[in-house]
Amino acid sequence: MGKNIVLHLLEQGIEVVAWNRSPEPIEEVVKAGAIGAKSLDDLVSKLTAPRTIWLMITAGEAVDEVINNLVPKLDKGDLIIDGGNSFYKDSIRRGEQLAKKGIHFMDVGTSGGVESARNGACLMIGGSKEDFERAEPIFKAEAAEGGYGLLGPVGAGHFAKMVHNGIEYGMMESIGEGAAILKKSEFDYDLRKVFKVYSIQSIIESRLVSWTLAELKNDPNLDNISSVIGSAGSAERVKGEGDWTLEIAKGMGIETPAIEAAMKVRDTSANDEENSPNVFRNKIVAAMRWQFGRHPVKKAN
């Protein structure tokens, strides 16, 4: 998504200095007009103070590592934006720590997948009004028309994105369940026709339905898609936004049966028998994840 954000910003007239651990994405964006950086030191040196640095990094320790490496190189008044899927409490902590050093911080929940990153994303923004006004030309350039807003102080952006993803998981699971019911019914549906109709002015019309249709067109029975959703069944699975949403809701005393059930299906999808009718349901969800996020999809043997 970071590469696509750079490409889109360049098309909108925003000058970008880009750095990445692997060189291939840098080479691609440099060809499109970006200024390439060989290191974080090089990145900082090529930006004019006060600098604005947008991070697109996997949530967790990697974000802290990059920020810790950046801080000694920055000046008071510089701004760091975390556009990844960080836990909102981590964003609040980072904002407080950076503020002590005079460095500004904003958290931006970025939605829409790789396609929207390239053509205009949805941005859920947390930070001060002052920093928002300063960075708004960047947000306006990257977002779809009207698809951004300051939702509150630091942490508010990633909290909104966390809940967004919890909602997303419930919606995807419902689409997968519906597709499985249709497939097993007595009517021998061509699901490509059904989802084409669903995708035009129906109540459930959505990008998720359209992405399901796109994958069904490619592979009507999803023979080449695994029924294991994401990292389900892996001992190395780390908690993500769905887990965080459930934990926060529980602490608030709010019951979340739809999101909880969707997460349980993901976590147990590796256990479904090959001939189980649940397998196609899981493949639908995995296919959607591939369509919007290019998440690794293990191909069926």
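Above this text sits the structure in question.
Residues numbered from 1 in each chain as written. Predicted model: local features only at pLDDT ≥ 70, side-chain atom pairs only at ≥ 80, totals over all residues. Heavy atoms only, no water.

A short note on the pairing of strand E4 (residues 79-82)
Regular strands have side chains that alternate between both faces of the sheet. Here E4 shows no split at all, with Leu79 and Ile81 on one side and Ile80 and Asp82 on the other all buried. In terms of handedness, the path from strand E3 (residues 52-55) via helix H4 (residues 61-70) over to E4 forms a crossover that is right-handed. Where E4 meets strand E5 (residues 104-111), four bridges bridge the pair, whose relative direction is parallel. Within the sheet, the bridge partner assigned to Asp82 lies in E5 and is Asp107. Each parallel crossover has a hand, and the one from E4 via helix H5 (residues 88-99) to E5 is right-handed. (Buried < 20%, exposed > 50% of the residue type's maximum accessible area, 1.4 Å probe, protein only. Helix = DSSP H or I, 4+ residues; strand = E, 2+ residues; numbered from the N terminus. Right-handed = clockwise from strand over helix to strand, strands pointing away. Pairing = 2+ DSSP bridges.)

Notes on the side chain of His8
When you line up the elements, His8 lands in helix H1 (residues 2-11). Separated by 3.1 Å, the side chain of His8 and the backbone oxygen of Ala141 make a polar contact. For His8, the residues in contact, after removing those within four places along its chain, are Ala117, Arg118, Asn119, Gly120, Ala141 and Glu142. (Polar contact = N/O pair within 3.5 Å; in protein donor to acceptor, adjacent residues only side chain to side chain. Contact = heavy atoms within 4.5 Å.)

Thoughts on the packing of helix H10 (residues 207-218) against helix H13 (residues 278-293)
When two helices pack together, their arrangement is given by the angle between the helix axes and by the axis-to-axis distance. The contact between H10 and H13 brings their axes to 9 Å, and the two run at 105 degrees. Put simply, H10 runs roughly perpendicular to H13. Where H10 abuts H13, its residues Leu208, Trp211, Thr212, Ala214, Glu215, Leu216 and Asn218 lie against Phe280, Ile284, Ala287, Met288, Trp290, Gln291 and Phe292. Classifying every residue of the contact of H10 with H13 by side-chain character gives 10 nonpolar, three polar and one charged. (Axes fitted to C-alpha atoms, helices over the stretch in contact; angles between N-to-C directions. Parallel < 35°, antiparallel > 145°, perpendicular 65-115°, else oblique. Nonpolar A, V, L, I, M, F, W, Y, C, P; charged D, E, K, R; others polar.)

Here we look at the sheet that holds strand E6 (residues 121-126)
Strand order in the open sheet formed by five strands is E3-E4-E5-E6-E7, with mixed pairing between adjacent strands. Both edges of this open sheet fall to E3 and strand E7 (143-152), since each of them pairs with a single strand only. Each strand of the sheet is rotated relative to its neighbour by a mean of 25 degrees, with strand direction disregarded. Two strands pair when backbone bridges link them, and E5 and E6 are joined in this way by five bridges, in the antiparallel orientation. Across the sheet, residue Ser111 finds its bridge partner in E6, namely Cys122. Strands in contact with helix H7 (residues 129-142) are E3, E4, E5, E6 and E7; relative to E7, the strand with the most contacts, it is inclined by about 160 degrees.

Honestly, that's just the spatial picture; any functional story needs more than this.
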